[in-house]
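Breakdown of the fold
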Amino acid sequence: MKRFLLIFVCAFVCFGAKAEEGFDMGEYLFGHIGDSYEWHITSIAGHEISIPLPCIVWGETNGPAVFLSSRLEGGEKYRGYYIPDEGDNAGKIVEDAPDGTQVCPIDISITKNVAALMISAAILLWLILACSRWYRRHDVTHEAPTGVAALLEPVIVMIDDEVIKDSIGPGYEKYSPYLLTAFFFILINNLMGIIPFFPGGANVTGNIAVTMALALFTFIAVNLFGSKHYFKDIFWPDVPLFLKAIPIMPVIEIIGMFTKPLSLMIRLFANILAGHVLILSVVALVFISATLGPVLFGSMSLVAVLFGIFMDCLELLVAFIQAYVFTMLSAVFIGLAHPQVAETER
Amino acid sequence: MGLVTPSGGLLFWMVVIFGVVFFLLAKFGFPVITSMVRKRKDFITTSLQEAQQARAQAEGAEETCRKMIEEARQQQNQLLEQARESARQAIEEAKAQASAQAAELLVKARADIEQEKREALAQLQNVVAGLSVAVSEKILRDTLSDDKAQADYVEKVVEEFRRKDTN
């Protein structure tokens, strides 16, 4: 269903981009789902309104530099750094090397996604620490949770009991802080992404760097505490000798070690990205049909709004499901490498 | 920036931010919450068990109470039965005694009456014999001259007897 819609929307996008001169669908889409150095809010009468964010770069030629992204607006140069409009490095901060080629410096700028991550992280920290403060200050055996604690406790208990405990089994307490953090981190970023205006709207969990980092943490959690059996199964599995002598099975198993977190990375990235693209495309119907006459414009806008509402509701569901799935699969992978599970299986 | 090529800067910041969030939450956040929830769960479990025990005890107490009431009622019934029995016996005895006494009295009275009758008859015989002797003596002693004298005499004698009798 989702793929079908995506194809439909892509076809629509191509059509729209060609048919409409005043509205650049590609720029519109990539501007919303991509990362950028400033946080664009809106444009009023041709004047762009955006929040400048700090750029932190360290180039070989021009050395370290920290400045606001507003200094590079409109292709301006600042201390040798600039953002080219076209070429291989379009949209990235570059510098010119002495031989005249464009070179990307080490770039750890606080981009839109980084800023959104920080905001989400702050909200998440506030929520969870407020919740834990409630538990510190109250006697749980005599009081029912109120406020933030009442809001979060059912979710925490559900994830802890039904996902983490069931997937990992005995000894799950060691992993539950990481998995709970991952769940709430993904969930809050997914939800913030659905909010169409500042401080939401950034496509954080639909960015492959973010999901890659999450998958990396899961990879570490799985392999760092893997049992002897887990590693024996990888390098010397219980298969006929000729499958091990020429190391077919070990190679497959080692590839499997990496494909598991890779699947986590791609799944979260693709689902959230697809959701953003779908909603943006539905909204784009309004702009595309603007030149098609009042009847078409009106009816298409109505359809776009109704479908947009539907998609937003669907994305709320997807935001939860993807966080849930990531947590559950991470827990399952950890459970497979967990010592006690390995012992009970044999 | 490409869609599927991860950017190093974002990756770096993501690792840093997630690392910090994870560190803070794993130290001050989730363990507190989950341990407290577990504590409450244990508390609820033990409370339920205690409640069940208390209920079982209460049921036992109720059972003994009911037994005691049952026993008391049985005793009461027995006592009532005994009392009724003894009352009936007492009445029976009293009745039997009374009828026996009555019969005795009747027999005595009958005997008394018989005695009296016999005595009265004996007296009457004596009186009648004496009277007849006296009357015949008087008649024999008197010379019966005439009818008038005879009659007077009889009258006189009868008068004498009467007087004698009244005396």
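Structure's up top.
The notes below deal with the structure included here. Quick caveat: nothing in here was measured; it's all calculated off a predicted structure.

What counts as what
- Residues numbered from 1 in each chain as written.
- Chains lettered and ligands numbered in written order.
- Predicted model: local features only at pLDDT ≥ 70, side-chain atom pairs only at ≥ 80, totals over all residues.
- Heavy atoms only, no water.
- Axes fitted to C-alpha atoms, helices over the stretch in contact; angles between N-to-C directions.
- Helix = DSSP H or I, 4+ residues; strand = E, 2+ residues; numbered from the N terminus.
- Parallel < 35°, antiparallel > 145°, perpendicular 65-115°, else oblique.
- Left-handed = near helix turned anticlockwise from the far one by under 90°.
- Contact = heavy atoms within 4.5 Å.
- Nonpolar A, V, L, I, M, F, W, Y, C, P; charged D, E, K, R; others polar.
- Pairing = 2+ DSSP bridges.
- Polar contact = N/O pair within 3.5 Å; in protein donor to acceptor, adjacent residues only side chain to side chain.

This paragraph deals with the packing of helix H6 (residues 208-224) of chain A against helix H10 (residues 294-336) of chain A. Residue and element names in this part refer to chain A. Two elements in contact, H6 and H10, have axes whose closest approach is 9 Å; the angle formed by their N-to-C orientations is 25 degrees. The orientation of H6 relative to H10 falls into the category roughly parallel. In this structure, H6 crosses over H10, and the sense of that crossing is right-handed. Touching Leu-214, Ala-215, Thr-218, Ala-221 and Val-222 of H6 are Phe-326, Ser-330, Phe-333 and Ile-334, all from H10. For the contact of H6 with H10, the class distribution of residues is 7 nonpolar, 2 polar and no charged.

So, about the pairing of strand E1 (residues 38-44) of chain A. Taken residue by residue, a regular strand's side chains alternate between the two faces of the sheet. All names here are of chain A. Across 6 bridges, E1 lies against strand E2 (residues 47-52) in antiparallel orientation. Its bridge partner being in E2, His-40 is matched across the sheet by Ser-50. What sits between E1 and E2 in their antiparallel hairpin is a turn of 2 residues, with Ala-45 showing a positive phi close to 50 degrees.

For the rest of this paragraph, the subject is the side chain of Ser132(A). As for its placement among the helices and strands, Ser132(A) is situated in helix H3 (residues 112-137). Separated by 3.1 Å, the side chain of Ser132(A) and the backbone oxygen of Leu129(A) make a polar contact. Those residues within four positions of Ser132(A) in sequence are excluded, and the remaining contacts are Phe28(B), Gly29(B), Val32(B) and Ile33(B).

This part is about the sheet that holds strand E6 (residues 94-96) of chain A. Residue and element names in this part refer to chain A. Pairing is antiparallel across the open sheet formed by 3 strands, whose spatial order is E5-E6-E7. The two strands at the open ends of the sheet, each matched to only one other strand, are strand E5 (81-82) and strand E7 (102-103). Bridge count between E5 and E6: 2 bridges; the pairing is antiparallel. Each residue of the ladder has a partner; that of Tyr-82, found in E6, is Val-94.

Bear in mind that shape data such as this cannot, by itself, settle questions of function.
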